[in-house]
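Single-letter residue listing:
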Amino acid sequence: MEKLQAEDAPYLKRKVKGGSLDVHPTENSLVVQYEVEATILSEMGDPIVGECKECQKIIRLKSLNANTDIASLARKVVEECRLIHPSKLPELEQLLFYLQNRKKSDTREKHSPRDLTPFEGMELHEEANINRIDDYVELLYEDIPEKVRGAILILHLARNPDNLEELLQNETALGALARVLREDWKQSINLATTIIYVFFCFSSFSQFHGQVTHYKIGALCMNIIEHELKRYDLWQDELQKKAAACDDDPENQNVKKEHEKSFKKYQGLLIKQEQLLRVALYLLLNLAEDMRTELKMRNKNIVHTLVKILDREDEELLVLVVSFLKKLSIFLENKNDMAETYAVEKLARLLPCKHEDLLNTTLRLLLNLSFDTGLRSQMVQAGLIPKLSSLLADESQRQLCMCILYHISVDDRFKSMFAYTDCIPQLMKMLFDCGESPMDPELISFCINLAANKRNAQVICEGNGLKMLMKRGLKLKDVLIMKMIRNVSQHDGPTKNLFIDYVGDLAAQMGGEEREEYVIECLGTLANLTIPDLDWELVLKEYNLVPYLKDLLIPGSAEDDLILEVVIMMGTVSMDDSCAAMMAKSGIIPALIELLNAKQEDDEFVCQIVYVFYQMVFHQATRDVIIKDTQAPAYLIDLMHDKNAEIRKVCDNTLDIIAEYDEEWGRKIQSERFRWHNSQWLEMVENRAMGDDGEPFMYGDDGEPFMHNGDILERPDLFYSADGIIPADGTISPEFFIDYQNGDMGQARGFPGSMNIDTFGQSSVTPGQRPATAYGFRPDEQFFCSYFGAASR
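Residues numbered from 1 in each chain as written. Predicted model: local features only at pLDDT ≥ 70, side-chain atom pairs only at ≥ 80, totals over all residues. Heavy atoms only, no water.

(A) View of the overall build of the protein chain. The helix and strand tally for the protein chain stands at 41 helices and three strands. Scored against the burial criterion, the 793 residues of the protein chain give a buried share of 47%. Sequence separation of at least 24 residues holds for 70% of the intrachain contacts in the protein chain that already meet a minimum separation of 6. With an accessible surface of roughly 41100 Å², the protein chain has 48% of that area assigned to carbon and sulfur atoms. (Helix = DSSP H or I, 4+ residues; strand = E, 2+ residues; numbered from the N terminus. Buried < 20%, exposed > 50% of the residue type's maximum accessible area, 1.4 Å probe, protein only. Contact = heavy atoms within 4.5 Å. Areas by Shrake-Rupley, 256 points an atom, 1.4 Å probe, with all protein chains shown as cover.)

Set out below in structure tokens:
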């Protein structure tokens, strides 16, 4: 209590008011709170200045234990402490009884802040008391057994979070612990484990991380872990040598006993080592909350260290290691380290397992890693697809497994592997169990990806699969289900014929007030149905689709996705002669040309519009309209040399047919092809012809120049006459063209009239085959952070 003074006052009057009683929150002590009122009096006895101070007195009860007589102790406290009035005796007894029982409760229920359970070697035959902390620190200056005992006593105090603040203020104790750990950790694994455990208790609370870092415990733990892993390798080598000696001489009992003795010793050492690894890694995991500290760990190859420990069998240690890797995996550098060390292969052996926490943590780590294309390949090679598929039956892990499998299914290389597991039947059951309730987005997204593979589509359609999907999709107007159905419909074979029964239902969705994205999927499904037996003319007439499709061809009338599906649909129905004629009469061809002008920068639109022209030139009625009434051939000539290979291929095939039926266009097409393929020679000839000095080779034998004032392309004698080039007056029928494309002409040769097609049989688009384009391409995205990028935020 502060001393109150007054320079000129002759009297100082003090008055102590009785205080209240309470217990200390962290130790066996009573807290007495009281007030002291001090008044300075004048010479006449009148008060001049008054001041009131709140004070407290702590009474430490060192003799309090389970056998203490509470009544006797209470009377003794009242006698020795004048601040406690005798009338407070019953209250004091009650508080002492509480303290006596609180100690028992703490020792029974208090555990590590992170539930790190006690391990072998922590047992004590005495109770640790915070009041004797100085005695425990003294033990740290003795021999190794006493140091271990002192560290264990301090650990028992540290495992109670209420004691951490007081321990933290005792710099002597923490400094001694850090010094002993730094100097003697190699001499006793129990001593190292116990001291690291003490600092782990501090690391469980973020506000104490600074003190743990101050003593460089993190760096010391990294060195200890590295040393222990080297010791483990030496143990393994020694065991293998002794096991080999047993195999070489199985009758030698001495060798056999030596091996058994070494194995038992190894098991005992392994248990203690894994205890040390567990507490050290847990401390590092806590410290890794700070990104700068985590970066330091990464620079010391923490990922490589953790991946090595994945070979262990202790499940609690594995849970910790996988949790640490999961935390590290969100950064690009760590993810790359995991790829280099083939962490996925070691994680694969943990699936499935009976330890639920280990299973869940492993799946979460695999989910983080599955965003990387290379690591997805490692997962497939490690056989994770069937393992994860079998785990779909476990509801607690289903969501994680489905997300990982979804990421794997994004890659076309791996889609077919799902057909040989029980994955698809399980997914279909989940879909149908949803009834009319909303589906999980992960579930339907996964199904959409799988449906893009032909074999998977066949498995999906087995039984009543397609019927149930169509029923749900049409009834609920479910866009995602229709997207899945659309993917199924794109595959040739038996699955496509199953859609004949649903053509009318799909066509009926056009022209209503349906959502645009829903109409896109229905229209896309119809456009995929390139079925010879399907009467498209009847469908177009019954549902009056031609005006609907024509109106949508106007640029800006709808979203580009819907307009593109309309164009693809026209390419499909144009395979039918009567449908092509119907669309030609309706004025769709000029609308397509107008759309081509508007979308000339969009390769997808250009390719599909040219494909419509390609289908139409096979039919007499539409061929005449395209050649005589439109400028479509001129547009096609311009597109002959487009940078997109698919556009060039479809253009060339379409122009070949036009050249057969129209002489004038045939000459233009041939001339343009000649100019393109001989552009360098033509440029050289023209430049030399315009030069002042002629060259001898520019003149014929009679002295006449090759280049007259006319066009060089008017000189037929300059054209090649080798086999494979179309003659100037030659014509080829569409039947010949179809036979050639179907491979009925024997060995493939250069296509007549196509000077820019490989003479060794370049593939071309057949009438019923959709040209391959970039539609639906998804580039990989960056899902991982970088330490340096994160640090700059």
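Still to come is the rest of the account.
(B) Representation of the pattern of salt bridges within the structure. What the rule picks out here adds up to 33 salt bridges. Asp135 is the salt-bridge partner of Arg132, the closest N and O atoms lying 3.5 Å from each other. Relative accessible area serves as the criterion here: at 42%, Asp135 is assigned to the partly exposed category. Notably, a salt bridge pairs Arg292 with Asp290, separated by 3.3 Å at the nearest N-O pair. With a relative accessible area of 30%, Asp290 lands in the partly exposed category. Several salt bridges share partner residues, and in doing so they unite Lys483, Arg486, Glu521 and Glu565 into one network. (Salt bridge = Lys/Arg side-chain N within 4 Å of Asp/Glu carboxyl O.)

(C) Representation of helix α37 (residues 645–661). Relative to the 24 Å expected for 17 residues at 1.5 Å per residue, α37 spans 25 Å between its end C-alpha atoms, a close match to the ideal helical length. With respect to burial, α37 is a largely interior element, 14 of its 17 residues being buried. (Expected span 1.5 Å × (residues − 1).)

(D) Quick peek at unusual backbone geometry. Following Leu351, the chain continues to Pro352 via a peptide bond in cis, the omega torsion being -15°. Checked against the element boundaries, Pro352 lands in the loop between α15 (343–348) and α16 (356–369). Not every positive phi belongs to a glycine, and Asn301 is a case in point at roughly 60°. Notably, Tyr342 is not glycine yet its phi reads approximately 55°, a positive angle. Following the sequence through the fold, Tyr342 ends up in the loop between α14 (332–340) and α15. A relative accessible area of 45% means that Tyr342 is categorised as partly exposed.

(E) Looking closely at the nonpolar core. Of all hydrophobic cores here, the largest spans 209 residues; its most connected members are Leu427, Leu431 and Met484. In contact with Met484, other than residues within four places in its own chain, are Met428, Leu431, Ile444, Cys447, Ile448, Ala451, Ile460 and Leu469. Counting 15 residues, the second-largest nonpolar core is a separate cluster that includes Leu61, Val78, Ile84 and Leu92. (Core = buried A, V, L, I, M, F, W, Y, C linked by side-chain atoms within 4.5 Å.)

(F) A look at the environment of Thr421. With respect to the helices, strands and loops of the structure, Thr421 is situated in the loop between α20 (412–415) and α21 (423–433). Between the alpha carbons of Thr421 and Ser390 there is a distance of 8.4 Å; along the sequence they are 31 residues apart. Not counting chain neighbours up to four residues away, the residues in contact with Thr421 comprise Ile385, Pro386 and Ser389. Within the local environment of Thr421, its side chain forms a polar contact with the backbone oxygen of Phe418, the two atoms lying 3.0 Å apart. Engagement of the side chain of Thr421 in a polar contact is seen with the backbone nitrogen of Cys423, the distance being 3.2 Å. (Polar contact = N/O pair within 3.5 Å; in protein donor to acceptor, adjacent residues only side chain to side chain.)

(G) Region of the structure containing the packing of helix α22 (residues 441–451) against helix α25 (residues 479–489). The interhelical angle for the contact between α22 and α25, taken along N-to-C directions, is 15°, at an axis separation of 8 Å. In terms of orientation, α22 lies roughly parallel with respect to α25. Crossing geometry of α22 relative to α25 is assigned as left-handed. Listed contacts from α25 to Ile444, Cys447, Ile448 and Ala451 of α22 are Leu480, Ile481, Lys483, Met484, Asn487 and Val488. For the contact of α22 with α25, the residue count by class is eight nonpolar, one polar and one charged. (Axes fitted to C-alpha atoms, helices over the stretch in contact; angles between N-to-C directions. Parallel < 35°, antiparallel > 145°, perpendicular 65-115°, else oblique. Left-handed = near helix turned anticlockwise from the far one by under 90°. Nonpolar A, V, L, I, M, F, W, Y, C, P; charged D, E, K, R; others polar.)

(H) Region of the structure containing the packing of aromatic side chains. Summed over the entire model, instances satisfying the criterion amount to 10 aromatic pairs. Relative to Phe200, the ring of Tyr197 has its centre 5.8 Å away and its plane inclined at 70°; by these criteria the two rings are edge-to-face. Placement of the pair is Tyr197 and Phe200 together in helix α7 (residues 189–203), with a separation of three residues, close to one helical turn. On the accessibility criterion, Tyr197 (0% relative accessible area) is buried. Through a chain of ring-to-ring contacts, the aromatic side chains of Tyr197, Phe200 and Tyr282 assemble into a single cluster. Sitting above the plane of the Tyr661 ring, Arg623 keeps its charged end 3.8 Å from the centroid. (Phe/Tyr/Trp six-rings, centres within 6.5 Å; stacked < 30°, edge-to-face > 60°. Lys NZ or Arg CZ within 6 Å of the ring centre and 35° of its normal.)

(I) Summary view of helix α32 (residues 577–585). Three or more residues of α32 are buried, namely Cys579, Ala580, Ala581, Met582, Met583 and Ala584. Lining the buried residues of α32 we find α29 (536–542), α30 (545–552), α31 (560–573), α33 (588–598), α34 (603–616) and α35 (620–629). After α32 finishes, the residue Gly587 shows a positive phi value of roughly 85°.

(J) Geometry of the side chain of Thr525. As for its placement among the helices and strands, Thr525 is situated in helix α28 (residues 516–527). Not counting residues up to four positions away in its chain, the partners in contact with Thr525 are Met482, Ile485, Arg486, Ser489, Phe499 and Leu506.

(K) Inspection of the packing of helix α6 (residues 171–184) against helix α9 (residues 217–248) at higher detail. Between α6 and α9, the least distance of the axes is 11 Å, while the angle of their chain directions is 25°. In terms of their interaxial angle, α6 and α9 are classed as roughly parallel. Once α6 is placed against α9, the crossing between them reads as left-handed. Between α6, through Ala178, Leu181 and Arg182, and α9, the contact on the second element is made entirely by Ile217, Leu220 and Ile224. The residue makeup of the contact of α6 with α9, split by class, is five nonpolar, no polar and one charged.

(L) Up close: the confidence of the model for the protein chain. For the protein chain, mean pLDDT is 81; residues scoring 70 or higher make up 77% of the total. The low-confidence segment residues 716–734 (pLDDT under 50) makes 25 contacts with residues lying over four places distant or belonging to another chain. When the criterion is pLDDT under 50, residues 745–765 qualifies, and its contacts beyond four places in sequence or with other chains add up to 52 contacts. (pLDDT = per-residue confidence, 0-100.)

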